Amino acid sequence: SLAPKIYRLDYALDEYSTQQDVFQHVVPLLDDLIENGFNCSLFTYGQTGTGKTHTMLGYDLWNRTLHYTSHSIAEDDSMGIIPRSMLYLFADLSRRRG
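Predicted model, so just to flag it, every value in this text is computed and none were measured.

The rules behind these values
Residues numbered from 1 in each chain as written. Predicted model: local features only at pLDDT ≥ 70, side-chain atom pairs only at ≥ 80, totals over all residues. Heavy atoms only, no water. Salt bridge = Lys/Arg side-chain N within 4 Å of Asp/Glu carboxyl O. Helix = DSSP H or I, 4+ residues; strand = E, 2+ residues; numbered from the N terminus. Buried < 20%, exposed > 50% of the residue type's maximum accessible area, 1.4 Å probe, protein only. Expected span 1.5 Å × (residues − 1). Contact = heavy atoms within 4.5 Å.

Here's the deal with the pattern of salt bridges
And then number 1: Applying the stated rule across the entire model yields two salt bridges.
And then number 2: For Arg95, the salt bridge identified is with Asp92, shortest N-O distance 2.4 Å. A residue pair is termed a helical-turn pair when its members lie 3 or 4 positions apart in one helix, as Arg95 and Asp92 do in helix α3 (residues 81-97) at three residues.
And then number 3: For Asp92, a relative accessible area of 13% puts it in the buried group.
And then number 4: Between Asp92 and Arg96 there is a salt bridge, with its nearest N and O atoms 2.9 Å apart. Of this pair, Asp92 and Arg96 both sit in helix α3, separated by four residues, roughly a single helical turn.

Structural data, given as structure tokens:
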């Protein structure tokens, strides 16, 4: 008999989680790495049709023109991790430059 496989997860979100919920759990992890000069990536894995692309890009990103300001990250729940992260990073850079 095969030994059971054990998977270690840092956190798991359920199907009722919003894009903002996902972002709030991911950003602190990436923020520490980026602040210390590390390159980092976010890897999504799962069965076809489970929402990986939606989580990363958001709703209908391909057909939208993005004209967001940093305060709109929490206001638009259709944005995925990638556009939210870019807005967050550029807002953070702008804040640091004064």
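Focus: α3
And then number 1: In this model α3 runs 24 Å from its N-terminal to its C-terminal C-alpha over 17 residues, within 8% of the 24 Å that 1.5 Å per residue would give.
And then number 2: Turning to α3, its buried residues are Ile81, Pro83, Arg84, Ser85, Leu87 and Asp92.
And then number 3: Among the structural elements, α1 (19-35) and α2 (52-57) are those in contact with the buried residues of α3.
And then number 4: Gly98 occupies a position one or two residues after α3 and carries a positive phi of about 95°.

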